[in-house]
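One letter stands for each residue in the lines below.
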Amino acid sequence: GRLVWLRLAPLSREESVELAWKLQQAHNIKRDSKSRLLRIWQFSEGNPRMIRESALALAHDEGPGQGSEAPLPRALLDEVALVQSRLGPTAREMMAFAALMDERIDYPVLVRAMGIDEAAAARAFEELVAEHVLSAADEGASFVHRRVGLAARRDLLAPRRRLMHGALARAIEAVHEGALEHHFIALAGHCHGAGDPESALSYEVLAAKVEVNRGLPSPARRLFQRVVDTARRSEPSDRVARSEIDA
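Predicted, not measured: the structure shown is a model, and the values here were computed from it. (Residues numbered from 1 in each chain as written. Predicted model: local features only at pLDDT ≥ 70, side-chain atom pairs only at ≥ 80, totals over all residues. Heavy atoms only, no water.)

Caption draft 1: Quick peek at the confidence of the model for the protein. Put simply, the protein has an average pLDDT of 80, and 72% of its residues get 70 or more. Ranking the elements of the protein by mean pLDDT puts helix α13 (residues 238-246) last, at 49, and helix α9 (residues 158-175) first, at 97. When the criterion is pLDDT under 50, residues 62-69 qualifies, and its contacts beyond four places in sequence or with other chains add up to 21 contacts. (pLDDT = per-residue confidence, 0-100. Helix = DSSP H or I, 4+ residues; strand = E, 2+ residues; numbered from the N terminus. Contact = heavy atoms within 4.5 Å.)

Laid out in structure tokens, this is it:
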């Protein structure tokens, strides 16, 4: 026989609600309201694995609350911890770095930030794909479900997180030198995370200018508001202050 991999589409809203309801029935959990079941669909984004964890978490009153940053089910956190325990040290480090990146993980940036050679990176990446942590795409990757990334990020302590954000910012600047205009938002986020508000402010100003030049006033206004909010929380240098005025 031959094994063939199939990429399945996410379940629809109706299919997600039905699956959650049937799981509750199978485990003798009192059926929840339709609005709560719909929140499971929103939380899971149609991923059957996440629907299962969320539906069963209701039995322990750990189900998803309101909003996109709902509490992560304990079962999911335990499962991610179990996966991490099976990974080698390089793959665990790659998973941690990936958890701090955008939804679409820029593989060359990831490898550069980690400071490892291509062979070691390829082996670590294969481990993460084999464990169904990451899925591969052209020149990039993504978590099989973004909540897995959130769970991996949750365990990073602040000092290590700051160092990793700094490494990611430097990696973006190096890998995409000469074409940074597509990465200003990511750079601002990593600079914030690295504890460098001055650089973050500079990149937010540049990102806003890009949106103005593209003729998109609404995104530009949101970015300029972020600039104002950041400036109020910090004491930017004269260089950054001049950038704000020029913008």
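Caption draft 2: Highlighting the nonpolar core. Core analysis: the largest hydrophobic core is formed by 49 residues, its most contacted members being Met-95 and Phe-143. Apart from residues no more than four positions distant in its own chain, Phe-143 is found in contact with Met-95, Ala-98, Ala-99, Ile-105, Val-133, Leu-134, Val-148 and Gly-149. Listed in part, the seven residues of the second largest apolar core include Leu-23, Leu-37, Ile-40 and Ile-51. (Core = buried A, V, L, I, M, F, W, Y, C linked by side-chain atoms within 4.5 Å. Buried < 20%, exposed > 50% of the residue type's maximum accessible area, 1.4 Å probe, protein only.)

Caption draft 3: Geometry of the pairing of strand β3 (residues 140-143). Relative to β3, strand β1 (residues 105-106) runs antiparallel, the two sharing two bridges. Note that in β3 the partner of Ile-105 across the bridge is Ala-141. Of the pairings in the sheet, the one linking strand β2 (residues 134-137) to β3 comprises four bridges and is antiparallel in character. Residue pairing in the sheet places Ala-136 in a bridge with Ala-141 of β3. (Pairing = 2+ DSSP bridges.)

Caption draft 4: Representation of the packing of α9 against helix α10 (residues 184-193) within the structure. Where α9 contacts α10, the axes come no closer than 7 Å and their chain directions differ by 150°. Relative to α10, α9 is oriented roughly antiparallel. As for how α9 packs across α10, the hand of that crossing is left-handed. Here Arg-162, His-165, Leu-168, Ala-169, Ile-172 and Glu-173 of α9 come into contact with α10, specifically with Ala-186, Leu-187, Gly-189, His-190, Cys-191 and Gly-193. Each residue belonging to the contact of α9 with α10 can be placed in one class, and the counts come to six nonpolar, four polar and two charged. (Axes fitted to C-alpha atoms, helices over the stretch in contact; angles between N-to-C directions. Parallel < 35°, antiparallel > 145°, perpendicular 65-115°, else oblique. Left-handed = near helix turned anticlockwise from the far one by under 90°. Nonpolar A, V, L, I, M, F, W, Y, C, P; charged D, E, K, R; others polar.)

Caption draft 5: Quick look at the pattern of salt bridges. On inspection of all chains with the given rule, the structure shows three salt bridges. Across the pair Arg-86 and Glu-131 runs a salt bridge, and its minimum N-O distance is 2.8 Å. Placement of Arg-86 in helix α4 (residues 74-86) and of Glu-131 in the loop between α7 (118-130) and β2 is noted, with a sequence separation of 45 residues between them. For Glu-93, the salt bridge is made with Arg-160, and the minimal N-O distance between the two is 2.4 Å. Here Glu-93 is found in helix α5 (residues 89-99), whereas its partner Arg-160 is found in helix α9, with 67 residues between them in sequence. Under the relative-accessibility criterion, Glu-93 is labelled partly exposed at 28%. (Salt bridge = Lys/Arg side-chain N within 4 Å of Asp/Glu carboxyl O.)

Caption draft 6: Inspection of the sheet that holds β2 at higher detail. If you walk across this open sheet you meet the three strands as β1-β3-β2, and the pairing is antiparallel. If you trace the sheet from one side to the other, it starts and ends with β1 and β2, each paired once. Where α7 meets the sheet, its contacts fall on β2 and β3, and the angle it forms with β2 comes to roughly 120°.

Caption draft 7: The environment of Ile-116, seen in detail. Examined against the element boundaries, Ile-116 turns out to sit in the loop between α6 (107-114) and α7. On the basis of relative accessibility, which here comes to 26%, the residue Ile-116 falls in the partly exposed class. Sequence-wise, Ile-116 and Thr-90 are 26 residues apart; in three dimensions their C-alpha atoms are separated by 8.9 Å. Apart from the residues within four sequence positions on either side, Ile-116 is in contact with Thr-90, Val-111 and Ala-121.

Caption draft 8: Main features of unusual backbone geometry. A positive phi is found at His-132, a non-glycine position, where the angle reads about 60°. The class for His-132 is partly exposed, based on a relative accessible area of 43%.

Caption draft 9: Expanded view of the environment of Arg-146. Mapped onto the secondary structure, Arg-146 falls in helix α8 (residues 146-154). Remark: the alpha-carbon pair of Arg-146 and Glu-45, spanning 101 residues in sequence, is separated by 9.3 Å.

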